[in-house]
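For reference, the chains in residue letters:
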Amino acid sequence: MRVQGPVVRRVNKWVVGLRDAPLVGKLVRKGLTIVTYTGRRSGRTISTPVGYRRKGEVVEIRVMMPDAKVWWRNFEGEGGPLTLELDGTKKTGHATSHRDDKGRVTVRVRL
């Protein structure tokens, strides 16, 4: 099963809009960012909102429902470049994805 379609696009657009909202934007930006990367198979530039945690120069993104999503697979193995919007600027880093023994997926980005 793959998450896609107009409903997902509408929800993503709404969530991204919250980042710029006057009352809640600052709070939302503390845990939500936009990742941008080039698809390894399609060659297209893709941007999507994700939740994150930052510890210094490392950003961790926990992928919810990883079997229904494919974006994180671009960073399997040696990984690849990924851009994040943090602190009002775009920061580029090297991302790698890892699946644990319980099937949970984390994408780690070293800025």
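These remarks concern the structure in this document. Bear in mind that the values here come from a model prediction, so they are computed numbers and not experimental data.

### Points about the sheet that holds strand β3 (residues 53-55)
- With antiparallel pairing, seven strands are arranged side by side in an open sheet as β2-β1-β5-β6-β7-β4-β3. The open sheet has two edge strands with one neighbour each: β2 (45-51) and β3. Sheet twist, expressed as the mean angle between neighbouring strand axes with direction ignored, is 30°.
- Direction of pairing for strand β1 (residues 32-38) relative to strand β5 (residues 80-86): antiparallel, over a ladder of two bridges. When the bridges of β5 are listed, Thr36 appears paired with Thr83.

### Remarks on the nonpolar core
- Within the largest apolar cluster, 17 residues are counted, with the highest numbers of intra-cluster contacts made by Ile61, Trp71, Leu82, Leu84, Val107 and Val109.
- Mapped onto this core, the elements with two or more residues apiece are β1, β4 (58-63), β5 and β7 (105-110).
- Setting aside chain neighbours within four positions, we find Val109 in contact with Glu57, Val58, Val59, Ile61, Leu82, Leu84, Gly93, His94 and Ala95.

Reading the values: the criteria
- In every chain, residue numbers begin from 1 and rise along the written sequence.
- Only residues with pLDDT of at least 70 get local features here, since the model is predicted, and only at 80 or more are side-chain atom pairs given and counted; chain-wide, interface and lining totals rely on the full set of residues.
- Side-chain calculation: all heavy atoms of the structure are included, whereas hydrogens and water are not.
- Strands are treated as partners if at least two bridges between them are detected by DSSP.
- Under the DSSP-based scheme used, a helix requires at least four consecutive residues in state H or I and a strand at least two consecutive residues in state E, with every element numbered from the N terminus.
- In this analysis, axes come from line fits to C-alpha atoms, helices being fitted only over the stretch in contact, and the angle between any two N-to-C directions falls in the range 0 to 180 degrees.
- As used in this record, nonpolar core signifies buried Ala, Val, Leu, Ile, Met, Phe, Trp, Tyr and Cys residues forming a set joined through side-chain atoms within 4.5 Å.
- Partly exposed residues are those whose accessible area sits between 20% and 50% of the maximum for their type, while under 20% is buried and over 50% is exposed, using a 1.4 Å probe and protein chains only.
- We call two residues contacting when some pair of their heavy atoms lies within 4.5 Å.

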